[in-house]
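# Summary of the model geometry
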Amino acid sequence: MKTLFIDCGISGIAGDMSLAAFSEIGVDLSIIENKLKSIIKEEFSLSTKKVVKKGIASTQLIIKTEEEKHSHRHYSHIKKLIEDSGLDEAEKNIALKIFETIAIAESKIHNSTIEKVHFHEVGGVDSMIDIIGTAIAFHALKIEKVICSPVATGNGYITIAHGLYPVPAPATLEILKDIPLQKTEVKGELTTPTGAAIIRTIVNEFSDIPSMVVQKIGYGAGTKDFPSHPNVTRFILGEV
């Protein structure tokens, strides 16, 4: 069985780390970029660069866009963009489920409905690229099963659009309900709402790495550097 093991027990997971890790295990980002440009009308470019995080060579996703940093979109707008796109039905379903997962969490926290929810950080072009790109990448690899480690979320506080919030952020914690978390002393956000929604959507089982024949290993790098550990999410593709 073609299986993906997501190792996010040290430094969590974010959308850009997910897509970068997928590129390391064989997904062609140029194909993803072309598909994304049929959906996202704003100008953007998608590339990667090799970086070293605490001694581990990894891939960092680079997104360049002219969009204002704090722009936002309503969930209903993003949903229509995906539904009307030329993506395969499987790609649409994964992307829609990830966005819906975030919308449900946000609507609960803000006492709203999912159709009225407007995304701040998650509604930007870069987050749309992370989520829809991950959906395309996941479908391209024809993965049959996904297993994930307990999830490191981090500690402390972060400043977001609504102000100073605890880590994990409320939306992240809501999405990760019933999912095992990994204790960590790291101060800072390790798992984002986008990363949480990705694993909530594609993961079948949460456990340690299974008995498997490893075929490919990918390290997706985050933008931050921590003194205690490499800021990477590790994807292990193989046969179980």
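Reference entry: report on the structure contained in this document. Predicted model, so just to flag it, every value in this text is computed and none were measured. (Residues numbered from 1 in each chain as written. Predicted model: local features only at pLDDT ≥ 70, side-chain atom pairs only at ≥ 80, totals over all residues. Heavy atoms only, no water.)

## Observations regarding the overall build of the protein
Rule in force here: In this description a helix means any DSSP run of H or I spanning at least four residues, a strand means any run of E spanning at least two, and both kinds are numbered starting from the N terminus. Atoms considered for the radius of gyration are the C-alpha atoms alone. The globule rule reads 2.2 Å times the number of residues to the power 0.38. The buried label applies to any residue whose accessible area, calculated with a 1.4 Å probe on protein chains only, is under 20% of its type's maximum; exposed applies above 50%, and partly exposed to all values in between. Here, residues are in contact when the closest pair of their heavy atoms is within 4.5 Å. Counted as positive: Lys and Arg. Counted as negative: Asp and Glu, with His and the chain ends omitted from the count. We put the charge of a Lys on NZ, of an Arg on CZ, of an Asp on CG and of a Glu on CD.
When you go through the protein residue by residue, the secondary structure sums to 7 helices and 15 strands. Computed over its C-alpha atoms, the radius of gyration of the protein comes to 17 Å, within 12% of the 18 Å expected for a compact globule of 240 residues. Counting only C-alpha atoms and orienting by the principal axes, one finds that the protein spans roughly 45 × 40 × 30 Å. Every one of the 240 residues in the protein was classed for burial, and the buried ones make up 53%. At a minimum sequence separation of 6, the contacts of the protein that also span at least 24 residues come to 73%. For the protein, the distance from the average site of its 26 positive side-chain charges to the average site of its 30 negative ones is 2 Å.

## Re helix α7 (residues 193-202)
Taken across its 10 residues, α7 has 8 buried, putting it largely inside the fold. Regarding α7, the residues found buried are Pro-193, Thr-194, Gly-195, Ala-196, Ala-197, Ile-198, Ile-199 and Ile-202.

## Focus on the packing of helix α2 (residues 29-37) against helix α5 (residues 125-140)
The following threshold applies: Axis definition: a line fitted to C-alpha atoms, limited for helices to the stretch in contact. Angles are taken between N-to-C directions and run from 0 to 180 degrees. Here is the rule for angles: anything less than 35 degrees is roughly parallel, anything more than 145 is roughly antiparallel, 65 through 115 is roughly perpendicular, and the remaining ranges are oblique. For any helix crossing, the convention is left-handed if the near helix is rotated counterclockwise from the far helix by under a right angle, and right-handed if that rotation is clockwise. Gly falls in the polar group here, along with every residue not listed as nonpolar (Ala, Val, Leu, Ile, Met, Phe, Trp, Tyr, Cys, Pro) or charged (Asp, Glu, Lys, Arg).
Following both chains from N to C, one finds α2 and α5 inclined at 120°, their axes separated by 10 Å at the closest point. Between α2 and α5, the crossing angle belongs to the class labelled oblique. Between α2 and α5 the crossing geometry is right-handed. In contact with Ile-32, Lys-35 and Leu-36 of α2, α5 contributes Ile-129, Ile-132, Gly-133, Ile-136 and Ala-137. For the contact of α2 with α5, the per-class residue count stands at 6 nonpolar, 1 polar and 1 charged.

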